[in-house]
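Structural overview for review
Listed below are the residues making up each chain.
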Amino acid sequence: MSKTNLTRRGVLKSGAVAGAGVALPTIFTASSAAAYTNEPTGSSVTLGFNVPQTGPYADEGADELRAYELAVEHLNGGGDGGMMNTFSSKALKGNGILGKKVEYVTGDTQTKSDAARASAKSMIEKDGAVMITGGSSSGVAVAVQALCQEAGVIFMAGLTHSNDTTGKDKRANGFRHFFNSYMSGAALAPILAANYGTDRKAYHLTADYNWGYTTEEAVKTSTEAMGWETVAAVRTPLTQTDFSSYIAPVLQSGADVLVLNHYGGNMVNSLTNAVQFGLRDKLVNNKNFEIVVPLYSRLMARGAGANVKGIYGSTNWHWSLQDEGTKAFVKSFGTKYGFPPSQAAHTTYVQALLYADACERAGTFNPCGVAEALEGFEFDGMGNGKTLYRAEDHQCFKDVLVVRGKENPTSEFDLLEIVEVTPVDQVTYDASIFGGDLGTCNPGA
Amino acid sequence: MLGLKKKDATLLLIVIGLTMFAPFILNPFPDGSAMAQFNAGYPDLMQRFVIFGIFAIGFNILFGLTGYLSFGHAAFLGIGSYSAVWMFKLLSMNVIPAILLAMVMSGLFALLIGFISLRRSGIYFSILTLAFAQMMFALAYSVLTPITGGETGLQLALDDPRVLGASQTAGGNIPVPGLFGMEMRNSFDLAISSWVFTFNVGYYFCALILIAAFYLAIRIFRSPFGMMLRAIKSNQTRLNYTGLNPRPYTLAAFVISGMYAGLAGGLMASMDPLAGAERMFWTASGEVVLMTILGGAGTLIGPVLGAGMIKYMENIISKINSDILHSWFAFLPDGLEDFIVAIVYPFIGKGWHLTLGIIFMLVVIFLPGGLVEGGQRIAKWLKRGKTEDTKPGKSTEPAE
Amino acid sequence: MDAIILQILNGLDKGSAYALIALGLTLIFGTLGVVNFAHGALFMIGAFCAVTLSRIISFSHEVIDETRTDFLGNPLKVDVPYIYDWFGEATGAAIIDWSVPLSILFAIPIMIAVGVIMERGLIKHFYKRPHADQILVTFGLAIVLQEIIKYYYGANPIPTPAPEAFKGSFDFGAMIGFAENTIIYPYWRLVYFMFAALIIGAVFAFLQFTTFGMVVRAGMADRETVGLLGINIDKRFTIMFGIAAAVAGLAGVMYVPINPPNYHMGMDFLVLSFVVVVVGGMGSLPGAVLAGFLLGILESFASMRQVIDLIPGINQIIIYLVAIIILLTRPRGLMGRKGVMED
């Protein structure tokens, strides 16, 4: 450790000397001297990793941070290179980005918009970060994305699933690799129809905030198109911990499928409660009662334990995929940390690499140049097959995984099995349907 | 000076000095050095220091003087933020109308909530204010999403109507808040040798308001009105016997305090045009209680110090990661380095909550009067070294 | 009708958790006059006693299974609990299965010890300090405790299921003559409710019918006089703190199968339990229990979709709304005494 870090400090020092103009007692520099916000002038470039380190999503944040550290290692030429070897673009050479060594700073979003913005601002204002990435909720992603737009840096979203991030709240400086509610609904509906039939009555429990609304809407629309009927949709408070009073009346309503539009702690508890009430042992309308969780994550599956068995959901990526990119990533992540990466780790690792690659191809860190390089960029070898960064809304389009809780897991990480890889065409939608305005890229300064 | 006694004038001058020279005071370490991690002199954090300082000063007018512990004060901060952002969306990007509306709206809500809650005292009052704030948080986060933006918060958009001013800048971006053309985010850097000091328009705007707010607080503390509030704290029954009705006084204090919170909320939105419901969650209300008690409830400067301390921990300690830790102790032999890092690591970065909890406990166990008492003890200790017969060197006067 | 019975059942169950926490909080407040913000943390520690015991029981050694591979393609390492080796697989599995009920025995001494250490080591020094100081120090303690738990157990919830025998639900509706599948109720929730009733009954009986309890009640009413009679009231109060901690801890242990525990579950309950205590009336034990069940039931009613359709968002605010109404109509909560915590 010590050796690399001594040089790290040296780099910081020389960078500061170059930037500050040593030996001159008073120099006034208006911040508009640079071409864009935080233009790296030394031999290194600083990225800001803004992830939840405290609060309920801290474990997810820790996994994101592990992935970022791995990405930085690979970008700087360390380790086995991971997905850089399978990535279809070969612009990255393992010598940092544009020849500059990649440094990073970390911050705590606390999964609160205010704290996330404060942390991102400190990275931009104090540490000179030229790109901010990370996060584990849509509220935070939208808030930080708007901030980055205003400040003139690139935002590479982490785990955010709401349609709004690249829909009504999209920004020219913000990019999302993760999939969204609409895609979950579109991917899930055919599988649900194939397994549970087209004559089903669904009961939705929905987290009472923006992400919940968009997910409920997406699943409702796409299942109704398959012939399902929606019996009721009930909103549950974010702060709810015991869902018994929401779950108990489900059977009385005549519904035979329960859709839990919940995430994180809400989902763990509502699913646990639903299984506790024995819903899955019931026979309603002469059909087995079923439960569906539109958005799965491995950490949540772990929290819910055996309750996830046999329950369908969708996910952005899973380590058991067998393509070359996934295998390379799982290998280098697993070797370094001893367990397979989560989908949060995957999306953040890929985002870091995509950003670095865009800088290389653009030949600059200027947000406008980077944005231009990312817009309409098609790539492969990053675990999701052929992927497009759509120019109109900065959303990635790629295959979506439909998964099911595994009946006989071999370890605490092996909880989900892939049922279907829904091809990208099935989940693609028109960029205009969610409204919003991208605006123009802002280089700041 | 300005109708203040000498002691208060000195205190005000200290506050003026601290706020005006904050960019220097908060950046004691040269840029790029290992200690630069502890520098707090960047615009966002400096703004937060003064904004939460204002919030805590206002809270202290209620809690420190009357003893009424409001556990829902963050609600007014939230209302202030929402009002200010709506003003930016609808009227203009000038911060003055936004801040005015923030104060008016939070004042109105404070009048309503205070009128109801002040019918009870003690913990019953605390729970009433908590209940109002929690209801406002819950509704703002969910069913009021069209007005408040819900989870993602209320933000500016490219198609805001904005009567006075353009919806978009010439470059096709959302305009930023400013004061008659002076953008709040503008700042310039002063580099002296390897030190870099940042002077930010928004910060100085907030700082001037803090000084005004602080001055007003001194005047309230020293006024007959402030006297009356203290009488309520020490013995309300006796006050009743003298034929005085304390309710209008406490209500006035509650409204003033709520308007301070609204002002802080409006300033927050002016520095960073976004308002989120989490600002009203009970933990946010708890935070201002902690700031006030940590700094020293009932003292003038205590709440400001407490606010600074908590915000510093939240923003500086949380950013130290194991990589930085390793670089600090890199001069040690490898085994020892890893050992020390392993000991320190749980307290920094993701463990900053732990450090915060320990500091709360230590301060309240050993310094019942908060940080101000700590300062007084040091001052006393220093004075004892010089002269024997001076009076206790109190820099400020607690309410009781 | 069936929908209403169903929600009353749910409410009783939710209420039992509220009532148990509020009961402990009131015991501490009533005897020691201390506002304990760390009480939620005690509930959480209780829950983690159950997690810890189940981990201790299933302490394992690795056996390499050559037939299967792990995610990196190496032979799979399977964890085999030592208990399987000692008692055979069937008995071992049964013991692990019953780890949550077993944790009750494990948690009682731990929680009493935690409570006594807390009181002697910290709270004792705060009897004469203002309530604000008590709140701050106990809040600091709560943060420290939950961060320690987070450091060792992570932030993610940890599934800790009930024994197989209590899984699933029974059809309560069919038993009392309603149609099938209208009123179903999980076995474990019934267990939780009965357990809570038992504990509440035991605490009341203890205070009502033992000499120790009598002295404590006398001390609650007038501490000085009891002290003048030559009774060492401090020692008894320490024990009461231990008992209150144990009540919170047991509430936590038994709650684990209902919702997987995480490090911040105490904070989630903290504010709610304070509302319960205040609505019940500060310092009143029956008030705390009554308010716990009342708020649990009202919360359940407010979450019915017919009610939400009528008043959108009512499920978000019901508890607080009720608290406001009760405090405005009954100045000291449902059963509060005059002069307690009013200044």
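Note that the structure is a prediction, hence the values are computed from the model and not measured.

1. Focus: the overall build of chain C
When its secondary structure is counted, chain C shows 15 helices and four strands. Taking 343 residues into account, the globule formula puts the C-alpha radius of gyration at 20 Å, and chain C, at 22 Å, falls close to it. Seen along its three principal axes, the alpha-carbon backbone of chain C occupies a region of about 75 × 50 × 35 Å. The long-range fraction of contacts in chain C, counting pairs at least 24 apart against all pairs at least 6 apart in sequence, stands at 74%.

2. Describing the confidence of the model for chain C
Looking at chain C as a whole, the pLDDT averages 87, with 98% of positions reaching at least 70. The ipTM, which scores confidence in the relative placement of chains, is 0.90 for this predicted complex, and the corresponding pTM is 0.89.

3. Brief notes about the sheet that holds strand β2 (residues 44-51) of chain A
All names here are of chain A. In spatial order, the strands read β3-β2-β4-β5-β6; together these five strands make up an open sheet with parallel pairing. Strands at the two margins of the open sheet, each flanked by one partner only, are β3 (101-108) and β6 (174-176). In this sheet, adjacent strand axes meet at a mean angle of 20° when their direction is disregarded. Sheet analysis places strand β4 (residues 131-134) next to strand β5 (residues 154-157), joined by four bridges and oriented parallel. Following the sheet pairing, Met131 is matched in β5 by Ile154.

4. With respect to the interface of chain C and chain A
Often, the extent of an interface is quoted as the loss of accessible area upon association of its parts. Every contact between the two is made by 40 residues of chain C and, on the other side, 40 residues of chain A. Those elements that provide at least two residues to the side of chain C that touches chain A are α1 (2-32), β4 (184-186), α8 (187-209), α13 (285-302), α14 (305-310) and α15 (314-329) of chain C. When the residues that make up the side of chain C that touches chain A are grouped by side-chain class, the tally is 16 nonpolar, 15 polar and nine charged.

5. Focus: the environment of A:Val144
All names here are of chain A. Mapped onto the elements, Val144 comes out in helix α4 (residues 138-151). For Val144, a count of 29 C-beta atoms within 10 Å corresponds to the buried category. On a C-alpha basis, the gap between Val144 and Gly310 in space is 36 Å, while along the polypeptide they are 166 residues apart.

6. Side note on the packing of helix α5 (residues 95-117) of chain B against helix α11 (residues 247-271) of chain B
Helix packing for two helices is described by the angle between their axes and how far apart those axes are. Residue and element names in this part refer to chain B. Contact pair α5 / α11: the axes reach a minimum separation of 7 Å and the direction vectors enclose 145°. In this structure, α5 meets α11 at a crossing whose hand is right-handed. Considering only residue class, the contact of α5 with α11 consists of 18 nonpolar, eight polar and no charged.

7. Re helix α11 (residues 343-362) of chain A
All names here are of chain A. With 20 residues, α11 ought to run about 28 Å at 1.5 Å a step, and its terminal C-alpha atoms sit 28 Å apart, in line with that. The buried count for α11 comes to 18 of 20 residues, which makes it a mostly enclosed element. Note on α11: the residue one or two positions beyond its end, Gly363, has a positive phi of about 75°.

8. Regarding the environment of C:Gly140
Following the sequence through the fold, C:Gly140 ends up in helix α6 (residues 131-153). The class for C:Gly140 is buried, based on 25 C-beta atoms found within 10 Å. A C-alpha to C-alpha distance of 8.1 Å links C:Gly140 and C:Ala38, two positions 102 residues apart in sequence. Ignoring sequence-local partners within four residues, the contact set of C:Gly140 consists of B:Gly357, B:Phe360, B:Met361 and B:Val364.

9. Here we look at the pairing of strand β12 (residues 290-295) of chain A
All names here are of chain A. β12 sits mainly inside the fold: six of its six residues count as buried. Judged from the three bridges that link them, strand β9 (residues 257-261) and β12 form a sheet pairing that is parallel. When the sheet's bridge partners are listed, Leu258 is paired in β12 with Ile291. Here β12 pairs with strand β13 (residues 312-315) via three bridges, running parallel. By the bridge assignment for β13, Val293 is matched with Gly313. Crossover β12 to β13 through helix α9 (residues 298-304) is right-handed.

10. Remarks on the UniProt feature "transmembrane region" (unreviewed entry) in chain C
Residue and element names in this part refer to chain C. Sites flagged by UniProt as "transmembrane region" (unreviewed entry) map to residues 16-35, 42-61, 104-123, 190-216, 237-258, 270-298 and 310-328. Between the end C-alpha atoms of residues 42-61 the distance is 32 Å, and the span holds 80% helix and 10% strand. Taken as a whole, residues 270-298 contains 86% helix and 0% strand, while its terminal C-alpha atoms sit 19 Å from one another.

11. Thoughts on unusual backbone geometry
Residues and elements named next belong to chain A. Despite not being glycine, Gln110 has its phi angle at roughly 55°, a positive value. Secondary-structure assignment places Gln110 in the loop between β3 and α3 (113-125). Although it is not a glycine, Asn286 adopts a positive phi angle of roughly 65°.

Reading guide: rules and limits
Residues numbered from 1 in each chain as written. Chains lettered and ligands numbered in written order. Predicted model: local features only at pLDDT ≥ 70, side-chain atom pairs only at ≥ 80, totals over all residues. Helix = DSSP H or I, 4+ residues; strand = E, 2+ residues; numbered from the N terminus. Rg over C-alpha atoms; globule rule 2.2 N^0.38 Å. Contact = placed C-beta atoms within 7 Å. pLDDT = per-residue confidence, 0-100. Pairing = 2+ DSSP bridges. Axes fitted to C-alpha atoms, helices over the stretch in contact; angles between N-to-C directions. Nonpolar A, V, L, I, M, F, W, Y, C, P; charged D, E, K, R; others polar. Buried ≥ 20, exposed ≤ 12 C-beta atoms within 10 Å, placed from the backbone. Left-handed = near helix turned anticlockwise from the far one by under 90°. Expected span 1.5 Å × (residues − 1). Right-handed = clockwise from strand over helix to strand, strands pointing away. UniProt positions renumbered as here; feature names shortened; annotations may be inferred.

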